[in-house]
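Close look at the chain arrangement
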Amino acid sequence: MTSEIRITPSILNADFSKLQSEIQKIASVSDLLHLDIMDNIFVPNFTFDFDKASEIISQSSLPVDSHLMVADADAIAVQYAEAGSASVTFHVEAARDIRATISSIKRHGARASIALKPATKIDDYLEFLDAVDMVLIMTVEPGFGGQKFMAHMMEKVTKTRKLIGDRPIWIQVDGGISLETIEIAREAGADTFVAGSAVFNSPEPAEMVNKLRQLASSI
Ligand code: DX5
Ligand code: ZN
């Protein structure tokens, strides 16, 4: 495979009390910052309210990829685009009008992406592949960092890669990406990798990002 690799560290496992310095640790070696937004409704966990998230987005030296794990994605996705996210990812399971939500994200200048929980099939969302910039295939149940990578999701990644064909749509995987799993995900067809605990639990976060990139690029 020759397409570009992107490493997008998630700050879910970083120290929330000093986020800017945590972001600085990986800024020069990462492509995007993955910001996990959880509302304690769509998932049983809460991260940031909109004001705090907007502050992170506007202060981040890296472009921000906002991963919305929230109910009522239709209304919230556009707010995250307006707040300056480079990319907004919402869950198809949480949206009423997927096409309109994609359009409103794009209208505000952000890349639009749909996310699929492990039990959600790509087959039911094929009609949106003409509109999205990225598909996020969850490799854990959304809600928490540090979970085990679901290797059986690779079938969905491979299938999505085939369905995308030569369209310039990125495939992101999120959950359990580490030195042990990134090659498997790359082999299956992913090109954009979220890594939370692997990066921020490492004593050398930037070095870990480089190692992950190196492994993914070797495929
Ligand atoms: C989980 C989040 C992930 C999480 C990944 O619901 O969407 O982005 O931070 O963390 P790790 O890499 O530890 O699985
Ligand atoms: Zn995420």
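Summarised in this report is the structure supplied together with it. Everything numeric here is computed off the predicted structure, so don't read it as measured data.

Let us look at the coordination of the zinc ion (ligand 2). Of the protein atoms, only H34 (NE2), D36 (OD), H67 (ND1) and D174 (OD) coordinate the zinc ion (ligand 2), at distances of 2.1 to 2.3 Å. One way to put it: the six donor atoms around the zinc ion (ligand 2) meet at angles of 73 to 171 degrees, and that makes the site octahedral. Considered as a linear motif, the donors of the zinc ion (ligand 2) on their single chain read H-x1-D-x30-H-x106-D. Placement of H34 in strand β2 (residues 33-38) and of H67 in strand β3 (residues 64-69) is noted, with a sequence separation of 33 residues between them.

The full set close to ligand 1 counts 20 residues, and G143, D174, G176, G196 and S197 are the nearest of them. A distance of 2.8 Å separates an oxygen atom of ligand 1 from a polar atom in the side chain of S10. Contact distances for ligand 1 include 3.3 Å between an oxygen atom and a side-chain N or O atom of H67. In the complex, 100% of the free accessible area of ligand 1, which totals 380 Å², lies under the protein chains. If you list the elements that add at least two residues to the shell around ligand 1, you get β2, β3 and β8 (192-195). Counting residues per element, the shell around ligand 1 draws most heavily on β2, at three residues.

With that settled, the discussion passes to the pairing of strand β6 (residues 134-138). Counting buried positions along β6 yields five of five residues, so the element is predominantly enclosed. Side chains M134, L136 and M138 project from β6 onto one buried face, and the interleaved V135 and I137 project onto a second face that is buried too. For strand β5 (residues 111-116) and β6, the ladder comprises four bridges, and the chain directions are parallel. Looking across to β6, one finds that I114 is bridged to V135. In the classification by handedness, the crossover that spans β6, the intervening helix α5 (residues 154-164) and the parallel strand β7 (residues 170-174) is right-handed.

What counts and how
Residues numbered from 1 in each chain as written. Chains lettered and ligands numbered in written order. Predicted model: local features only at pLDDT ≥ 70, side-chain atom pairs only at ≥ 80, totals over all residues. Heavy atoms only, no water. Donors = N, O, S within 2.8 Å, 3.2 Å for Na, K, Ca; no water. Tetrahedral: all angles 85-135°; square planar, octahedral: opposite > 155°, others 65-115°. Helix = DSSP H or I, 4+ residues; strand = E, 2+ residues; numbered from the N terminus. Near = heavy atom within 4 Å. Polar contact = N/O pair within 3.5 Å; in protein donor to acceptor, adjacent residues only side chain to side chain. Areas by Shrake-Rupley, 256 points an atom, 1.4 Å probe, with all protein chains shown as cover. Buried < 20%, exposed > 50% of the residue type's maximum accessible area, 1.4 Å probe, protein only. Pairing = 2+ DSSP bridges. Right-handed = clockwise from strand over helix to strand, strands pointing away.

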